[in-house]
Amino acid sequence: MAIPTISSKILLIVLSVSLFQLSSFARDYSIVGYSPQDLTSMDKLIELFESWMAKHGKIYHTIEEKLQRFDIFKDNLNHIDETNKRVTNYWLGLNHFADLTHEEFTTTYLGLKPELAGRRGSSDSREFTYGDVVDLPKSVDWRKKGAVTRVKNQGSCGSCWAFSTVAAVEGINQIVTGNLTELSEQELIDCDTTYNSGCNGGLMDYAFSFIVSNGGLRKEEDYPYIMEEGTCD
Ligand SMILES: *[C@@H]1O[C@H](CO)[C@@H](O)[C@H](O)[C@H]1NC(C)=O
């Protein structure tokens, strides 16, 4: 019986060596929190789900809810994996929204209200043309040029309009002054209430106008984000 044990040990060593050699390939997957092996059996899927739950502090109150979330998680994982096999210029991974359906995510987190656009009439639609289109690069990665702040989380508040606005202003401020400073979405949510509706949605155009008439925005650290509507401070 000693011989099979030794040979399985050898096999394990051989396996770990080949896994090690594969690691430069596997690393791309592990960054985003799963490996192709995770998709090969139900046990591995459950293991991945449990470790994902632990990582994001997910708690489900009934076994039914957990099973339902696991199903959605598997759907999302399949979508992620299929996309990663198909596209080469970006990667998808598991973040803390991985147990939500597309519809749940949309209704909970997206707050853009394009139907607001007509509210003030059409006087705001001004055309824009580039003056010099001769020498434009194919693409610009503004992150590499230092014009983009960290990834922020809007939470369960339909304030995407405030985040979009603030990211654009943070960027243009860096491009013009060289100073990248995080600015306050919360100030927009609490104070820009004439046309925008806080966690119930809004539109960037109105927020830009608000910033102009307000003379700017507070810094993020001075007026931090609370993931809900507050009173204008
Ligand atoms: C950038 O601008 C912010 C806001 O005005 C200011 O507090 C900060 O000191 C500036 N940073 C630098 C490096 O100039």
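Our subject is the structure listed above.
Attention here is on the structure that accompanies the text. Counting restarts for each chain, with residues numbered from 1 along the sequence as it is written. For a predicted model such as this one, the threshold for reporting local features is a pLDDT of at least 70, and the threshold for listing and counting side-chain atom pairs is 80 or more; totals across whole chains, interfaces and linings nevertheless cover every residue. Side-chain numbers come from the whole structure's heavy atoms, not from hydrogens or water.

Stacked, edge-to-face and tilted labels apply to pairs of Phe, Tyr and Trp rings (six-membered ring for Trp) whose centres lie within 6.5 Å, assigned for plane angles under 30 degrees, over 60, and everything in between, in that order. Applying the stated criterion across every chain, the model contains eight aromatic pairs. Relative to Trp52, the ring of Phe49 lies with its centre 5.9 Å away and its plane at 15°, an arrangement referred to as stacked. Here Trp52 and Phe49 lie together in helix α2 (residues 42-55), a separation of three residues that amounts to about one turn. Among the residues examined, Phe49 registers a relative accessible area of 2% and is labelled buried. The class of Trp52 is buried, set by a relative accessible area of 4%. Aromatic side chains Phe49 and Tyr60 sit 6.2 Å apart centroid to centroid with 5° between the ring planes, which places their arrangement in the stacked category. Taken together, the residues span a long stretch of sequence, with Phe49 in helix α2 and Tyr60 in the loop between α2 and α3 (63-86) at a distance of 11 residues. Partly exposed residues are those whose accessible area sits between 20% and 50% of the maximum for their type, while under 20% is buried and over 50% is exposed, using a 1.4 Å probe and protein chains only. Tyr60 sits in the buried class, given a relative accessible area of 14%. Secondary structure counts use DSSP, requiring at least four H or I residues in a row for a helix and at least two E residues in a row for a strand, with both numbered from the N terminus.

This next bit is on the pattern of salt bridges. Note on pairing: side chains with opposite charge can pair once their charged atoms come close. Take a side-chain nitrogen of Lys or Arg and a carboxyl oxygen of Asp or Glu: if they are within 4 Å of each other, that pair is a salt bridge. Scanning all chains against the criterion turns up 11 salt bridges. Across the pair Lys152 and Glu185 runs a salt bridge, and its minimum N-O distance is 2.8 Å. Separated by 33 residues along the polypeptide, Lys152 in the loop between α4 (102-109) and α5 (160-177) and Glu185 in helix α6 (residues 185-191) bring together distant segments of the chain. Three or more residues joined by partner-sharing salt bridges are found here, namely Lys152, Glu170, Glu185 and Glu220.

Another aspect to go through is the state of the cysteines. Note that a disulfide, as used here, is simply two cysteine sulfur atoms within 2.5 Å. What the rule picks out here adds up to two disulfides. A sulfur-sulfur distance of 2.1 Å marks the disulfide that ties Cys157 to Cys199. Judged by the sign of its S-S torsion, about -90°, the cystine formed by Cys157 and Cys199 is left-handed. Of the two residues, Cys157 sits in the loop between α4 and α5 while Cys199 sits in the loop between α6 and α7 (204-214), which places them 42 residues apart along the sequence.

All right, on to unusual backbone geometry then. Here the phi dihedral of Met227 falls at roughly 65°; this positive angle occurs in a residue that is not glycine. Along the chain, the position of Met227 falls in the segment after α7.

Once that is clear, we can look at α7. What α7 keeps buried is the set Tyr206, Ala207, Phe210 and Ile211. End-on, the buried residues of α7 take up no more than an arc of 140°, which puts them together on one face. Counted as exposed and oriented over 90 degrees from the buried face of α7: Val212 and Ser213. Only heavy atoms matter for contacts: two residues are in contact if any of them lie within 4.5 Å across the pair. Looking at the buried positions of α7, the neighbouring elements they touch are α5 and α6. Summarising the geometry, the arc corresponds to the directions from the helix axis toward the C-beta atoms.

So, about the nonpolar core. Put simply, buried Ala, Val, Leu, Ile, Met, Phe, Trp, Tyr and Cys residues joined by side-chain atoms within 4.5 Å make one nonpolar core. Residues Trp161, Leu188, Ile189, Ile211 and Leu217 are the most contacted members of the largest nonpolar core, which totals 17 residues. Of all elements in the fold, only α5, α6 and α7 reach the threshold of two or more residues within this core. The residues touching Leu188, leaving out its near neighbours within four places in the chain, are Trp161, Ala162, Thr165, Val166, Ala207, Phe210, Ile211 and Leu217. In terms of nonpolar packing, the next biggest core, distinct from the first, is built from 13 residues, Tyr34, Phe49, Trp52 and Phe73 among them.

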